[in-house]
Amino acid sequence: MLNQLKQRKGLSQEDADYREYLQKGFEGERKFDEILERLSKDSLIIQDLRLEANRQIFQIDTLVITRNNLLVYEIKNFQGEYSFHDNELKTHPYKRVIMNPLTQFNRTCTLLNILLDKIGVYIPLNGKLVFVNDSFILYQKTEHPDILLPQQIERHISQLNRFSEPFTSAQKELGDKLLYLHLTEDRYIQVPEYTFEELKKEALCPQCRLNLKIKNRRTVYCPSCGFSAFNTRIISEEVQAYVLLFPEQKLTTAVIYDWCGALFPKRTIQRVLATNYTESGTRKGTHYLHNSFCR
Ligand SMILES: [Zn+2]
């Protein structure tokens with residue numbers, strides 16, 4: 001995965017925006033920690049838990065273990081005005097689309113569920129995407145049940161306290177289990193943030209990682225090492241690379257067409273996808289399910 005990124009992005013470039021983003025995130029988490037101190041002592045709180053399920057690493061900003069459920073909190077320290085419609089978060093009023101933090105949040109919950117299942121723990125999982133910054137304003141038609149806004153945090157905490165039940169040894173046991181599974185720095189490699197837009201769109205030679213060129217209707221070749229292969233083989237390798245980097249995104253003919261730098265005809269891509277993946281959706285909006293590559 002890192003190789004895919006190195007090829008398409010270049011890892012060495014420093015990113016001041018990203019560092020600022022991390023710093024802001026850190027401040028947000030600290031702020032939420034302070035708020036959680038008002039939570040009754042019957043809850044067990046674990047911060048910055050890093051776990052693995054399905055060979056994917058995920059991080060939980062704050063996990064609260066109560067007697068009856070597990071609460072996952074993903075903390076965001078966004079400032080300013082945003083709007084949320086059709087699962088898209090945009091700045092307001094200029095409508096720049098922001099990476100939807102709910103996607104990340106849902107991924108965390110899904111992977112935690114898989115992990116709990118694996119270790120034989122059956123406890124309801126709830127959680128919230130928390131916006132902690134008082135200057136954060138969100139315009140939405142209906143309130144999203146997973147989003148907790150700054151002015152709702154107090155009420156949320158007192159509600160938890162109202163329904164809290166005495167601490168049990170089972171809670172402690174579960175906490176110990178999760179801490180035992182927590183990954184330390186040396187057990188994982190940090191993967192940098194990336195988006196589809198910023199990565200290079202190209203089909204690469206499997207031997208020397210340089211750009212492939214069209215040879216004839218069915219084959220491509222590498223001008224540098226002479227490698228040649230059927231389009232279908234290269235397409236299916238590029239699909240695997242794409243799925244590895246963007247497991248959450250819809251797999252469509254159009255997206256793979258872009259991903260390969262418009263090198264292959266759409267109908268060939270469509271054929272590869274239809275052969276190897278399960279079709280889903282209407283004819284116009286077909287996308288493919290990639291269960292076979294879940295890891
Ligand atoms: Zn080559």
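See the structure printed just above.
Residues numbered from 1 in each chain as written. Predicted model: local features only at pLDDT ≥ 70, side-chain atom pairs only at ≥ 80, totals over all residues. Heavy atoms only, no water.

Novice: Before we go on, may I ask you to explain the packing of aromatic side chains in this structure?
Specialist: Here the distance between the centres and the angle between the planes together describe a pair of aromatic rings. Summed over all chains, the structure comprises 13 aromatic pairs. The interplanar angle of 50 degrees and the centroid separation of 5.2 Å between the aromatic rings of Phe32 and Tyr73 together place this pair among those described as tilted. Placement of the pair is Phe32 in helix 2 (residues 16-36) and Tyr73 in strand 3 (residues 70-76), with a sequence separation of 41 residues. Both residues of the pair, Phe32 and Tyr73, count as buried. Pairing Phe196 with Phe246 gives two aromatic rings, centres 5.8 Å apart and planes at 70 degrees, and the pair type is edge-to-face. With a gap of 50 residues between them, Phe196 in the loop between helix 5 (169-181) and strand 10 (213-214) and Phe246 in the loop between helix 6 (231-245) and helix 7 (253-259) connect regions that are remote in the sequence. (Phe/Tyr/Trp six-rings, centres within 6.5 Å; stacked < 30°, edge-to-face > 60°. Helix = DSSP H or I, 4+ residues; strand = E, 2+ residues; numbered from the N terminus. Buried < 20%, exposed > 50% of the residue type's maximum accessible area, 1.4 Å probe, protein only.)

Novice: How do you make sense of empty space enclosed by the protein when you look at a structure like this?
Specialist: Vacant regions in the atomic arrangement are exposed by a probe of water-molecule size rolled over the atoms. Within this structure, the stated rule accounts for one cavity of 30 Å³ or more. Considering only enclosed or pocket space, the largest cavity measures out at about 30 Å³ in volume. As for the largest cavity, its lining consists of Phe84, Leu89, Asn100, Pro101, Leu102, Leu129, Phe131, Leu138 and Ile147. Counted by class, the lining of the largest cavity contains eight nonpolar, one polar and no charged residues. (1 Å grid on protein atoms, 1.4 Å probe; cavity = no way out; pocket = protein on both sides within 12 Å on 5 of 7 lines; lining within 4 Å. Points joined across faces, edges and corners; volume = space filled by probe spheres on them. Nonpolar A, V, L, I, M, F, W, Y, C, P; charged D, E, K, R; others polar.)

Novice: What am I meant to see in helix 5 here?
Specialist: Residues spaced three or four apart along an α-helix face the same direction, because each turn holds 3.6 residues. The end-to-end C-alpha separation of helix 5 is 19 Å, in line with the 18 Å expected for 13 residues at 1.5 Å each. For helix 5, the full list of buried residues reads Gln171, Leu174, Gly175 and Leu178. Burial along helix 5 is one-sided: seen end-on, the buried residues are contained in an arc of 100 degrees. Relative to its buried face, helix 5 has exposed residues pointing more than 90 degrees away, namely Ser169, Glu173 and Tyr180. Among the structural elements, strand 1 (44-53), strand 2 (56-65), strand 3 and helix 3 (101-118) are those in contact with the buried residues of helix 5. (Expected span 1.5 Å × (residues − 1). Arc of directions from axis to C-beta. Contact = heavy atoms within 4.5 Å.)

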